[in-house]
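Chain by chain, the residues run as shown.
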Amino acid sequence: MDHLLNAAAPVAAVLQAMLYAAAAPLLVGWIRKVKARLQNRRGPSVLQPYRDLRKLLAKEVRVAHTASPLFRAAPYIVFAATWLAAATVPLLAVNLPTAALADIIVLVGLLALARFFLALAGMDVGTAFGGMGASREMLVSALAEPAMLMAVFTLAMTAHSTNLAGVIDFQLSNEFALRPSFMFALGGLVLVALAETGRIPVDNPATHLELTMIHEAMLLEYSGRHLALMEWAAQIKLLLYGTLIANVFFPWGIAQSFAAGALGMGIAAVAAKLLLLGAALAIGETVLAKMRLFRAPAFLNLALLLALLGLLSHVILEVGA
Amino acid sequence: MTALLITLLAPVFGAFALAVVRPLRVAGWLNVAVSSVTFAATAVLAWAVAATDEIAGFSFRVDAFNVYLVVLTAFVGLTTSIFSRPYMRHVCETGMTTERGMRIYHAMYQAFMFTMLLALTTDNLGVLWVAVEGATLATVLLVSLYRTPEAVEAAWKYFVLCGVGIALALFGTVLTYFAAQQVIADPAEGLTWSILFQQASALEPSVMGLAFVFLLVGYGTKVGLVPMHQWLPDAHSEGPTPMSAVLSGLLLNVALYAVVRLKMLVDGSLATTASPHMAGQLLMGFGLLSFLVAGLFLHRQRDIKRMFSYSSIEHMGLMTFAFGLGGPLATFGALLHMLVHSLTKSAIFITVGHAAHIAGTQTIDRIRGLIRTQPAVGWSLLLGVAAIAGFPPFGVFTSEFLLLTATMQVQPWLTVALLSGLVIAFAGLFRHLHPMVYGPAPEGQLPVAANMLPVLLHLGLVLWLGLAIPSFLAGWLDRATQLITGVHLL
Amino acid sequence: MSLVSLPLLQQFLLVLAALVLFTSFVLLSQARLVSAIHAFAWQGGLVAAVTGVVAVAGSSGHLYFSALLTLVLKAALIPWMLHRLIRRLELERHVESLRWPAIVNMVAVILVIFSYWLVLPMVQQELAFTRNIVAISLAVVLIGLWMMVVRQQAVAQVLGFMSMENGLFLAAVSATAGMPLVVELGVAFDVLVAMVLFGVFFFQIRQSIDSLDVDRLNRLTETVDEEADLEFSAAPRRPHTVTARPAAVEEAE
């Protein structure tokens, strides 16, 4: 059994990473489908993002002559960093070898690396849109990162570990308890996720209007396989945040061993949770309107406040003496 | 018990009746009548307490500490209502307020008396809070009676600051109840002062200490302790003069009474801890600060009523300091001071009302020649200020002397501070007073119809108390001292 | 004592208390008056829920009545009165944003930490559970106080005051399982009367300074040269009362 386990673990890890890359467009397709239904349209097929990616990969790459080598390298770096970050978040099973990497701070760092290169790429070509998008992205992330760190630290304080797998293990091993700190951290993290993945109400993923672009503005100059990689990276980021919320706050169903049954359960559980989250996101995007940019700091301050309240609740209400 | 019931129910009945009585003449006389009934009832009550040492029942309690305060409240209420009857009639005639305003005035006057008497006679800390808050609410509309921008501002400040203070006092009360619940089995008895007093040493010291801080800040706001005093000069000067008289004379006393009752509990609780005198030290700190700051601010005042409000703050600071000092001598002095200050200050405010009427203004610089115009008013003002500044043979001198003696025994250096404060206040008062009463009267200043009986009565009582305290009163003050400090003085 | 060892009801109580604190923050920085009133109504409802849960846990009869009283008074009656006042004062679309929202929120967080520190000495083990909610309720009281300080609109200040009362009620319920009924009724009555008086005051203030920005009430200061004379001022209003003249009024010097 040990041999199998030892063999199964890295296989499961690779499987999980592949699954991330493969499933990300599916999640985005699902969200678009639900949104379309809510808006009384039939909407594109759930597999449409795959077709878009395939189309883009086949197309020719056109690079502005003012671009530097960074411009060409950035899509690969961004994709690699995002994929690596995502691969560490437990999707199916908890005790993977990559769990050692699954430290929250590593996660935030990898995402910051990706964002850094994305912003540089946006500014690289020298167009107005790119610079504007980069500065807006930096504004949003400068406010979102403390909130995210605060939220995950709240989790870490309860679980006595900053390792995501450790947090999930803690949750699963203790009996169910209503924790105000987790509730607030969840609220804060949801708001941060909306900001970081560029969804309404912070940024409209479907817009190309100058006034409203943040993420799209940085990608404006890309084409062909570069654009495909950037889009895919954004989709993986969305899946990452979704998995973070689903599996860390509601970890029931995740596989704690590598038996086929457990893994199957894990896939089913996370799929169900992500479908629900995706639908909730679609509903939220339909109901809310995009905020004006100068109100984004207030939005993120709310996220920080929620995370802070989570921390305070933990210290005041949960720890006791 | 019937006397107590009548004491409390008469003002309630009066409030309801005066809310509907329309003719101003009738309302004025009805106010006086209800106040006399209340006073008569308190006199009977005092007689009963003198005989039986204390009356308790149905969550009420009249013992040596509050019986004389109850009589004092009813008495000053009566004399002020006598003063207010013609005075407010004149005010109404000048158009400062409407007939509806007068109905509110009379109804709220009696409601205010009720809440104060309730606060003084209740044995339940929660009801005490409700009554003190009720007193604030009853007077808030009266401060803004004249609807001038200044009056509205003063009333708003009063409402907000006192409301906030009282809310903090409620938190202190909740903490006290919390401490009580660990000790007293029956939850309904957890707020009964007499039971808490008996079990004070069993109350958790850390909780009681925290509770006392909140209670001191809360009720201290209503006493007018610096730095929570900001509402006092405005509220006492912008309202009608009878209001200034009762607010300065009575409500401050009631708030201080609440603080001292709670201090008794906290002292019992903290007696065996590392800082057994924390409550007293806090009181001394706040009291001394109020005393000195108010004395200094006295000098800057331009409005006569504001000046005397600061004088009230100063005296309340002195009393707080005395209660904080502890010990039988200081406590006896403080109790006596509560009595004489109330009588003197209300007399002063009544006289000031007449003086402002004569001069047509409240600005000190424009009031002149009072003795020339109307000697009764001028001399009363002079004697009143002499009394409040601590001249012998008035009663204030006696209480201040007792306090200074006590301070010399315990903390000699503080005596210097007290004396300098007294001198500064004296200088401020007389500096402003002198040109007002002496000197030629301005052109066209006429005397007014003024009933000086209340003032003479008050000043006479203060003089009597300065010369010879009657034995029953001395006995009460002594028993109250024993209740508060555990030691007899006489 | 760790969280998981508490019974579920008490855990739920902690969640509710945390939500009350959250509404307190929302109240503090909510720019629109109408939304602020809604936040206050939610706070009242949550406090009533806390009372209800404590009533169920302790099964003390009068707490059910208190819960109902709080719900009716704080979550329904007072917000309705405020709504009505706002409509009559024509303030429905009024938006007043804080000048330095970041600093205000930071100070509010500091107040939460301060109240926790203040309550910390009540150390005994069996008091730990209630002590924590007392810390939260003191924080709500202090944040209500802070709200009265930073907001300049009179209605917002009243909301801060009412939120203080909510915090006090939460303290009473959570620390002591409710004060005696007579006291609670008295407090509720006082709050109601205070609300009515506040309503009266709004109109008086607006009549006097034509706005409800309380910062404009600044005529009474220590350095004013010309104090307005109240009772006997302004010649047009003062009829000369000629009474019987006593002896000579003036003497030539």
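Residues numbered from 1 in each chain as written. Chains lettered and ligands numbered in written order. Predicted model: local features only at pLDDT ≥ 70, side-chain atom pairs only at ≥ 80, totals over all residues.

## Quick look at the overall build of chain A
Looking only at helices and strands, one finds 11 helices and zero strands in chain A. Across chain A, helices and strands are ordered from the amino to the carboxyl terminus as α-α-α-α-α-α-α-α-α-α-α. Taking 321 residues into account, the globule formula puts the C-alpha radius of gyration at 20 Å, and chain A, at 20 Å, falls close to it. Principal axes of the C-alpha set define a box for chain A whose edges measure 60 × 45 × 45 Å. Within chain A, the proportion of its 321 residues that are buried is 49%. Residue pairs at least 24 apart in sequence account for 80% of intrachain contacts in chain A once pairs closer than 6 positions are excluded. (Helix = DSSP H or I, 4+ residues; strand = E, 2+ residues; numbered from the N terminus. Rg over C-alpha atoms; globule rule 2.2 N^0.38 Å. Buried ≥ 20, exposed ≤ 12 C-beta atoms within 10 Å, placed from the backbone. Contact = placed C-beta atoms within 7 Å.)

## Notes on the overall build of chain B
Each helix and strand in chain B was counted, giving 19 helices and two strands. Scaling as 2.2 N^0.38, a compact globule of 490 residues should have a C-alpha radius of gyration of about 23 Å, and chain B matches this with 21 Å. Expressed as a percentage of its 490 residues, the buried residues of chain B come to 65%.

## Quick notes on the interface of chain C and chain B
On the side of chain B, 57 residues touch chain C, which itself brings 53 residues to the contact. For the side of chain C that touches chain B, the elements supplying multiple residues, two or more each, are α5 (128–150), α6 (154–176) and α7 (181–209) of chain C. When the residues that make up the side of chain C that touches chain B are grouped by side-chain class, the tally is 33 nonpolar, eight polar and 12 charged. (Nonpolar A, V, L, I, M, F, W, Y, C, P; charged D, E, K, R; others polar.)

## Notes on the interface of chain C and chain A
With 23 residues of chain C at the contact, the number on the chain A side is 19 residues. Secondary-structure elements contributing two or more residues to the side of chain C that touches chain A are α1 (8–29), α4 (101–119) and α5 of chain C. With nine residues, the top contributor of residues to the side of chain C that touches chain A is α1(C). Grouping the amino acids of the side of chain C that touches chain A by side-chain chemistry returns 18 nonpolar, five polar and no charged.

## Some remarks on the packing of helix α10 (residues 241–270) of chain B against helix α12 (residues 304–325) of chain B
Residues and elements named next belong to chain B. Packing of α10 against α12 leaves a shortest axis separation of 11 Å and a crossing angle of 20°. Relative to α12, the element α10 lies roughly parallel. Crossing geometry of α10 relative to α12 is assigned as right-handed. Listed contacts from α12 to S244, S248, L252, L256, V260 and K263 of α10 are K305, S309, S312, M316, M319, T320 and F323. (Axes fitted to C-alpha atoms, helices over the stretch in contact; angles between N-to-C directions. Parallel < 35°, antiparallel > 145°, perpendicular 65-115°, else oblique. Left-handed = near helix turned anticlockwise from the far one by under 90°.)

## Let's talk about the environment of B:F214
Residues and elements named next belong to chain B. For F214, the location among the structural elements is in helix α8 (residues 205–223). A count of 23 C-beta atoms within 10 Å places F214 in the buried class. Counting along the chain gives 41 residues from F214 to T173, while the straight-line C-alpha distance between them is 8.5 Å. Those residues in contact with F214, other than ones at most four positions away along the chain, are L168, A169, F171, G172 and L175.

## A look at the packing of α12(B) against helix α13 (residues 328–359) of chain B
All names here are of chain B. Relative to each other, α12 and α13 sit at 175°, their axes nearing to 9 Å. Considering the angle they form, α12 stands roughly antiparallel to α13. Taking contact as the criterion, the partners of I304, K305, F308, S312, H315, L318, M319, A322, F323 and L325 in α12 are, on α13, A330, T331, G333, A334, H337, M338, H341, K345, I348, F349, V352 and A356. Each residue belonging to the contact of α12 with α13 can be placed in one class, and the counts come to 14 nonpolar, six polar and two charged.

## Notes on the confidence of the model for chain B
Residue and element names in this part refer to chain B. When pLDDT is averaged across chain B, the result is 89; 100% of the residues are at 70 or more. The least confident element of chain B, judged by mean pLDDT, is strand β1 (residues 55–57) at 79; the most confident is α12 at 94. Scored as a complex, the prediction yields pTM 0.87 and ipTM 0.86. (pLDDT = per-residue confidence, 0-100.)

## Some thoughts on the environment of B:L339
Residue and element names in this part refer to chain B. By secondary structure assignment, the location of L339 is in helix α13. Of the residues examined, L339 has 22 C-beta atoms within 10 Å and is grouped as buried. Distance from L339 to Q445, taken between C-alpha atoms, is 35 Å for residues 106 residues apart in sequence. Setting aside residues up to four positions removed in sequence, L339 forms contacts with Y68 and L72.

## Section: unusual backbone geometry
Note the cis peptide between A:I200 and A:P201, where omega equals 10°. You can see A:P201 is positioned in the loop between α7 (180–196) and α8 (215–219). Omega for the peptide link from B:P392 to B:P393 comes to 0°, which places this bond in the cis form. For B:P393, the location among the structural elements is in the loop between α15 (375–389) and α16 (395–410). In this model, A:N40 sits at a positive phi of 70°, which is unusual for a non-glycine residue. Relative to the assigned elements, A:N40 resides in the loop between α1 (2–38) and α2 (48–58).

## A closer look at helix α1 (residues 2–20) of chain B
Residues and elements named next belong to chain B. Counted at 1.5 Å a residue, the expected span for α1 with its 19 residues is 27 Å, and the 27 Å between its end C-alpha atoms agrees. Taken together, the buried positions of α1 are occupied by L4, T7, A10, P11, G14, A15 and L18. As for α1, its buried residues are in contact with α2 (24–52), β1, β2 (60–62) and α4 (99–121). (Expected span 1.5 Å × (residues − 1).)

## What to know about the nonpolar core
Counting residues in each nonpolar core, the largest one holds 379 residues, and the members touching the most others are A:A307, B:V132, B:V254 and C:A17. A per-element tally of this core places helix α6 (residues 149–181) of chain B first, with 23 residues. When residues no more than four places from it in sequence are discounted, the contact partners of B:V132 are B:A119, B:I166, B:Y219, B:K222, B:V254, B:A255 and B:A258. (Core = buried A, V, L, I, M, F, W, Y, C linked by C-beta atoms within 7 Å.)

## What about the arrangement of the chains?
Among the two pairs of chains that make contact, the interface with the largest number of contacts is formed by chains B and C. Taking C-alpha atoms only, the smallest gap left between chain A and chain B, which are not in contact, amounts to 16 Å.

## Some thoughts on the confidence of the model for chain A
Here chain A averages 87 in pLDDT, while 97% of its residues score no lower than 70. Of all the helices and strands in chain A, α1(A) carries the lowest mean pLDDT, 83, while α2(A) carries the highest, 94.

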